[in-house]
Amino acid sequence: MNNFEQLLKANGITKQELGDIISIKGATIPKYVANPKLMRLNQIMRLSSKLNISTEELIRVLNNEAKFGIIK
């Protein structure tokens, strides 16, 4: 489980909810979970708002520069 998956789990966000938040569907969702760097800036901004963290903090998690526990 990568840092991004841990962050989602810690915040109770399912893969389907992630898809709804960043406007993706179906088979694309697992690809984004496995490789969150695929997200565009507008998607990152929506997700960071939902998680109540800064966009910068979320980007650090997506780049595996920070563990989810550091930003909670």
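Heads up: the structure comes first, above all this text.
Residues numbered from 1 in each chain as written. Predicted model: local features only at pLDDT ≥ 70, side-chain atom pairs only at ≥ 80, totals over all residues. Heavy atoms only, no water.

(A) Spotlight on a nonpolar patch on the surface. Taken together, the side chains of Leu41, Met45 and Ile59 make up a nonpolar region of the molecular surface, amounting to roughly 270 Å² of accessible area. Checked against the element boundaries, Leu41 lands in helix H4 (residues 41-51). (Patch = residues over 30% accessible without salt bridge, like charges linked within 9 Å, V, L, I, M, F, W, Y side chains within 5 Å. Areas by Shrake-Rupley, 256 points an atom, 1.4 Å probe, with all protein chains shown as cover. Salt bridge = Lys/Arg side-chain N within 4 Å of Asp/Glu carboxyl O. Helix = DSSP H or I, 4+ residues; strand = E, 2+ residues; numbered from the N terminus.)

(B) How the structure looks around the side chain of Gln43. In this fold, Gln43 is placed in helix H4. Within the structure, Gln43 has its side chain in polar contact with the backbone oxygen of Ile22 (distance 3.0 Å). A distance of 2.7 Å separates the side chain of Gln43 from the backbone nitrogen of Arg40, its partner in a polar contact. Residues in contact with Gln43, not counting those within four places in the same chain, are Ile22, Ile24, Tyr32 and Leu38. (Polar contact = N/O pair within 3.5 Å; in protein donor to acceptor, adjacent residues only side chain to side chain. Contact = heavy atoms within 4.5 Å.)

(C) Region of interest: unusual backbone geometry. Phi is positive for Ser23, which is not a glycine, with a value near 60°. The topology assignment puts Ser23 in the loop between helix H2 (15-22) and helix H3 (28-34). The exposure class of Ser23 is exposed, given its relative accessible area of 58%. Unusually for a residue other than glycine, Asn52 sits at a positive phi of about 60°. (Buried < 20%, exposed > 50% of the residue type's maximum accessible area, 1.4 Å probe, protein only.)

(D) Summary view of H2. Among the residues of H2, Leu18, Gly19, Ile21 and Ile22 are the ones counted as buried. Projection of H2 onto a plane perpendicular to its axis shows the buried side chains occupying an angular sector of 165°, all on one side. At its buried positions, H2 is contacted by helix H1 (3-10), H3 and H4. Immediately beyond the C-terminal end of H2, within one or two residues, lies Ser23, with a positive phi of roughly 60°. (Arc of directions from axis to C-beta.)

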